[in-house]
Protein chains: 2
Amino acid sequence: MATIQDVAKKAGLSRTTVSRVINEHPYVTEEKKRLVTQAMQELNYVPNSSARRLRRQQTETIAVYVPRITNPFFSHLVEVMEKEAAKKGYQLILCQTRYKKEQERNFLELLKTKQVDGLILTSIENDWSEFEPYLSFGPIVVCNEYSDSAQVPSVYLNQIEGSYLGTKHLIDQGYTKIGYCTGNHKSSRVSKDRKIGFLQALDDAGIMMKEEWFFYNAYSVQDGFAAFKKLSELDDKPQAVFTGSDEVAAGIAKAAFDAGWRVPDDLAIIGFDNQPLAALMDLTTVEQPIDTIAKQAMNLMVEAIQAKKPLSRKEVILPFQLIQRSST
Amino acid sequence: MATIQDVAKKAGLSRTTVSRVINEHPYVTEEKKRLVTQAMQELNYVPNSSARRLRRQQTETIAVYVPRITNPFFSHLVEVMEKEAAKKGYQLILCQTRYKKEQERNFLELLKTKQVDGLILTSIENDWSEFEPYLSFGPIVVCNEYSDSAQVPSVYLNQIEGSYLGTKHLIDQGYTKIGYCTGNHKSSRVSKDRKIGFLQALDDAGIMMKEEWFFYNAYSVQDGFAAFKKLSELDDKPQAVFTGSDEVAAGIAKAAFDAGWRVPDDLAIIGFDNQPLAALMDLTTVEQPIDTIAKQAMNLMVEAIQAKKPLSRKEVILPFQLIQRSST
DNA sequence: TCTGATTATGAAAACGATTTCATGAATTCG
DNA sequence: CGAATTCATGAAATCGTTTTCATAATCAGA
């Protein structure tokens, strides 16, 4: 493996000059530049990134936290982020927290040990105070999730509005008995706000809610099946159900269909995210502009890294859109 | 940011001894060990990974190539790989090649510049000769795809068998006019073999194939819609269709349903992968043991890195399973 | 008690780049 | 023409570890 020293020797110049050529610094004559370039080619030389990282004190790498990459919402987020990062010369390290507090904390060492320049969080399990001390090691940007106490840039959607929009749609369609089926992480601001928006919409319309129409811890298609089962066994059943994701909505729709129910006549269903799945199952859903939040979060991160000082609190808030299909 | 030097000073010892404690080398008295540990804690010290990488000449990082992380087959693969890697103390860098030759080549620099210890390829766009020269910089393991000329370990499934299994099932159900709808990368061994298995099954049953029943470049749900459109406009329509993925199958099923066709009476459909989507749409499908191939590929990679010499050609082949549902 | 191993420690040399500093040559300016 | 810039280059310091080598102290065996 050739080093910069070998190149220098071959070109009959110093390491310094070779380094200047590599990094496109001024004050090198065309003549020497040519010599160096040629020597590099002949030796098949490429600078060793570990050495460069050490000297430069930066890694050109960013860690992205997601709960699970198989969740289509998060894989979409990551897809866009990786593209954007590659465009700017950064790489992505994938950190799956698996909805576990401890797993999430483990990955924080990446920042502290200088394996990455910064952290993008798309979901938050721990209290913000766990992250706070790590800010001195590099920038942290929050995307999708948000926390009031976090003194960092956040790119997110106002989930109160999102769920209000969806719930209002159900109400406008004439439903008055509406169920609520979502995941429900205590520490997740997204969860909390979705519920607030939901209740607000009911309240504004003067509609009552029943405790037994709340179904929690629903994340997957399977969970949707289970939710439908519980729902269908109630004496007083809801006419419509608001869900936290298209997967759950799809699960409910499928289970309902299998049980011989008609959607939306026997049960109206609204999803969240507008995944390809939603189109497939003809689900009405609330669309989130994933591409935009992913891009903006990545841009803020790169900006923070290059500015070399932590960005202060900053919120970037984007709108939702209702996609109406035949499930409502 | 505290360095090992600071710790040494605080503990009244040398860098060497501190390093020994960190790396759990023998020949350090309990007494000094305690001193060092305490100093490290007080200074909130963590070893700088760039320096360690440089000295150790290894990165504890592995690059994984996928076409797109939003493709559920690949996100599943990556999910399992990341888990397995984390277990062994390695991180994953995500490389999306976007089915582009050039993009794929670009990422090869990661290995050459020593940003990663090894490469796992889950899809291959370029000819193997493009990868060959990089073998001197670190191990490469192939997972899912395979290439006859590649002198590296490959964990893959015999796609001839897989598509034979699926096609045979259609034939056993009594269909004789069978369409074929898949992606079709010239350089992909998977594509080629699937087609071979398909044709073989037809041939073994003495069934004829029509050129107009082949539909190529189908990867997504959308592509499934398009394929159905073309199919439905034929004078002589197939009774069943073999697809290369559950997404495509789901797209066809949905389009067929919307057009008022009954599945499987008017058109039988078989998918591939057994994604959650397949259960949802009640699609018969050929299941691939994704968890197993992902784990085995990662284990081979870690083994190769730790053995410090490139592993030779080695094939690990695993079986398929037919999941029958109501679409056939 | 002497010899040879074993245990415990530190000084200094890597690892491979970039950056600072020094210096001489060439150019511009008054 | 001499002084002040600007241009071009290289020697050496630096980034923060780990590893090699040297050395002293302790221990075991004859």
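Residues numbered from 1 in each chain as written. Chains lettered and ligands numbered in written order. Predicted model: local features only at pLDDT ≥ 70, side-chain atom pairs only at ≥ 80, totals over all residues. Heavy atoms only, no water.

Looking at an unreviewed UniProt entry, one finds chain A named LacI family DNA-binding transcriptional regulator and attributed to Fictibacillus norfolkensis.

K.L.:
Explain the protein's contact with DNA strand D to me, and be specific about the residues and the numbers.
P.N.:
In the vicinity of DNA strand D, 28 residues are found, and the nearest of them are A:T17, A:Y27, A:R55, B:I4 and B:R55. Protein-adjacent atoms of DNA strand D, using a 4 Å cutoff, are sugar or phosphate at a proportion of 60%. One of the side-chain nitrogen or oxygen atoms of A:R20 is found 2.9 Å away from a base oxygen of DNA strand D. Here a phosphate oxygen of DNA strand D sits 3.1 Å away from a polar atom, N or O, in the side chain of A:K32. Within the residue set of the surface near DNA strand D, elements represented by two or more residues are α2 (15-22) and α4 (49-56) of chain A together with α2 (15-22) and α4 (49-56) of chain B. When grouped by side-chain class, the residues that make up the surface near DNA strand D number 9 nonpolar, 11 polar and 8 charged. (Near = heavy atom within 4 Å. Polar contact = N/O pair within 3.5 Å; in protein donor to acceptor, adjacent residues only side chain to side chain. Helix = DSSP H or I, 4+ residues; strand = E, 2+ residues; numbered from the N terminus. Nonpolar A, V, L, I, M, F, W, Y, C, P; charged D, E, K, R; others polar.)

K.L.:
Pulling in residues and values, what's your account of the relation of the copies chain A and chain B?
P.N.:
For these two chains of identical sequence, chain A goes onto chain B by a turn of 180 degrees and a shift of 0.0 Å along the axis, with RMSD 0.1 Å. On this basis, the relationship between the two copies can be described by a two-fold rotation axis. Within chain A, A:I93 has its C-alpha nearest the rotation axis, a separation of 2.3 Å. A shared binding surface is used by both copies, with 98% of the interface residues of chain A retained as interface residues in chain B. (Least-squares fit on C-alpha atoms with pLDDT ≥ 70 in both. Contact = heavy atoms within 4.5 Å.)

K.L.:
Could you give an account of the nonpolar core, naming the residues involved and the relevant values?
P.N.:
Of all hydrophobic cores here, the largest spans 94 residues; its most connected members are A:M81 and B:M81. Setting aside its immediate chain neighbours within four residues, A:M81 contacts A:V64, A:L92, A:I120, A:T122, A:C143, A:A294, A:A297 and A:M298. Within the second largest apolar cluster, 50 residues are counted, among which are A:W213, B:C181, B:W213 and B:L231. (Core = buried A, V, L, I, M, F, W, Y, C linked by side-chain atoms within 4.5 Å. Buried < 20%, exposed > 50% of the residue type's maximum accessible area, 1.4 Å probe, protein only.)

K.L.:
Residue-level account of the interface of chain A and chain B, with values.
P.N.:
Between chain A and chain B, the residue contacts involve 47 residues of the former and 46 residues of the latter. Carbon and sulfur atoms supply 58% of the area that chain A and chain B bury against each other, a total of about 4,100 Å² over both sides. Ranking the residues of chain A by area buried against chain B places A:E79, A:E82 and A:L280 at the top, with a combined share of 15%. Viewed at the interface, chain B and chain A are joined by 6 salt bridges. (Buried area = accessible area lost by both parts, 1.4 Å probe. Salt bridge = Lys/Arg side-chain N within 4 Å of Asp/Glu carboxyl O.)

K.L.:
Which residues make up the packing of aromatic side chains, and what values do they have?
P.N.:
The tally for this structure, following the rule as stated, stands at 30 aromatic pairs over all chains. Aromatic side chains A:F73 and A:F74 sit 5.1 Å apart centroid to centroid with 85 degrees between the ring planes, which places their arrangement in the edge-to-face category. Look at A:F74 and you get buried, because its relative accessible area is 7%. Here A:Y180 and A:F214 contribute two aromatic rings whose centre-to-centre distance is 5.6 Å and whose plane-to-plane angle is 70 degrees, an arrangement assigned as edge-to-face. Here the residue A:Y180 occupies a position in strand β6 (residues 178-181), and A:F214 occupies one in strand β7 (residues 214-215), the gap between them amounting to 34 residues. Residue class for A:Y180 comes out buried when judged on its relative accessible area of 1%. Members of the aromatic cluster, joined through ring pairs, are A:Y180, A:F198, A:F214, A:Y216, A:F242, A:F272 and A:F320. Over the face of the ring belonging to B:F272 we find B:R194, whose NZ or CZ atom lies 3.7 Å from the ring centre. (Phe/Tyr/Trp six-rings, centres within 6.5 Å; stacked < 30°, edge-to-face > 60°. Lys NZ or Arg CZ within 6 Å of the ring centre and 35° of its normal.)

K.L.:
Summarise the sheet that holds strand β8 (residues 240-243) of chain A; cite the residues concerned and give the values.
P.N.:
Residues and elements named next belong to chain A. Read across the open sheet, the 6 strands follow the order β7-β6-β8-β9-β10-β12; overall the sheet is mixed. The open sheet has two free edges, formed respectively by β7 and β12 (321-323), since each of these has just one partner strand. As judged from the 4 bridges shared by β6 and β8, these two strands associate in the parallel manner. Looking at β8, one finds that I178 is bridged to A240. Sheet strands in contact with helix α10 (residues 189-204) are β6, β7, β8 and β9 (268-273), and its direction is about 175 degrees off that of β6. (Pairing = 2+ DSSP bridges. Axes fitted to C-alpha atoms, helices over the stretch in contact; angles between N-to-C directions.)

K.L.:
Describe the UniProt feature "domain: HTH lacI-type" (unreviewed entry) in chain A, with residues and values.
P.N.:
In this numbering, the UniProt entry assigns the feature "domain: HTH lacI-type" (unreviewed entry) to residues 2-56 of chain A. Counting secondary structure, residues 2-56 of chain A comes out at 69% helix and 0% strand; the distance between its end C-alpha atoms is 20 Å. (UniProt positions renumbered as here; feature names shortened; annotations may be inferred.)

K.L.:
An account of helix α14 (residues 290-307) of chain B is needed here, citing residue identities and associated values.
P.N.:
All names here are of chain B. The end-to-end C-alpha distance of α14, which contains 18 residues, comes to 26 Å, matching closely the 26 Å that a straight helix rising 1.5 Å per residue would cover. Considered for burial, the residues of α14 that qualify are I290, I293, A294, A297, M298, L300, M301, V302, A304 and I305. Immediately beyond the C-terminal end of α14, within one or two residues, lies K308, with a positive phi of roughly 60 degrees. (Expected span 1.5 Å × (residues − 1).)

K.L.:
Tell me what's going on with the pairing of β9(A), and back it up with residues and numbers.
P.N.:
All names here are of chain A. In terms of burial, β9 is a largely internal element, 6 of the 6 residues being buried. Taken together, β8, helix α12 (residues 246-258) and β9 form a β-α-β motif whose crossover is right-handed. Taken together, the 4 bridges between β9 and strand β10 (residues 284-287) define a ladder with parallel strand orientation. Its bridge partner lying in β10, G271 is registered against T285. (Right-handed = clockwise from strand over helix to strand, strands pointing away.)

K.L.:
Give me the domain arrangement of chain A: which residues, what numbers.
P.N.:
Residues and elements named next belong to chain A. Structurally, chain A comprises domain 1 (4-47), domain 2 (59-157 + 290-320) and domain 3 (159-287). One C-alpha centre belongs to domain 2, the other to domain 3; they are set 29 Å apart. Together, E145, Y146 and F320 form the three largest contributors to the area buried by domain 2 at its contact with domain 3, with a combined 46%. Between the two partners, domain 2 and domain 3, sit 1 salt bridge. Close ionic contact of R189 with D148 constitutes a salt bridge, the shortest N to O distance being 2.9 Å. Linking domain 2 with domain 3 are 5 residue pairs in polar contact (both at pLDDT 80 or more). A breakdown of the residues in the side of domain 2 that touches domain 3 according to their chemical character gives 7 nonpolar, 2 polar and 3 charged. (Domains from an automatic or database assignment.)

K.L.:
Quick one: what's the story with the layout of surface pockets, residue by residue and with numbers?
P.N.:
Unoccupied space between atoms shows up once a probe the size of one water molecule is rolled over them. One number sums up the size of the second largest pocket: a volume of about 1,100 Å³. In this structure, the second largest pocket is lined by 41 residues; those nearest its centre are A:M1, A:N48, B:Q57, B:K112 and B:K114. At the level of secondary structure, the elements contributing two or more residues to the lining of the second largest pocket comprise α1 (4-11), α2 and α4 of chain A together with α4, α7 (109-112) and α14 of chain B. The element contributing the most residues to the lining of the second largest pocket is α4(A), with 4 residues. Of the residues belonging to the lining of the second largest pocket, the class tally is 17 nonpolar, 12 polar and 12 charged. (1 Å grid on protein atoms, 1.4 Å probe; cavity = no way out; pocket = protein on both sides within 12 Å on 5 of 7 lines; lining within 4 Å. Points joined across faces, edges and corners; volume = space filled by probe spheres on them.)

K.L.:
Hey, could you go over the protein's contact with DNA strand C for me, with residue numbers and the actual values?
P.N.:
In the neighbourhood of DNA strand C, 28 residues make up the surrounding shell, with A:I4, A:S19, B:T17, B:K32 and B:R55 lying closest. Here DNA strand C approaches the protein such that, of its atoms within 4 Å, sugar and phosphate make up 59%. Interatomic distance of 3.0 Å between a side-chain N/O atom of B:S14 and a phosphate oxygen of DNA strand C. Note that a phosphate oxygen of DNA strand C is positioned 3.2 Å from one of the side-chain N or O atoms of B:Q57. Going through the elements one at a time, α2 and α4 of chain A together with α2 and α4 of chain B are the ones with two or more residues in the surface near DNA strand C. Per-class residue counts for the surface near DNA strand C are 9 nonpolar, 11 polar and 8 charged.

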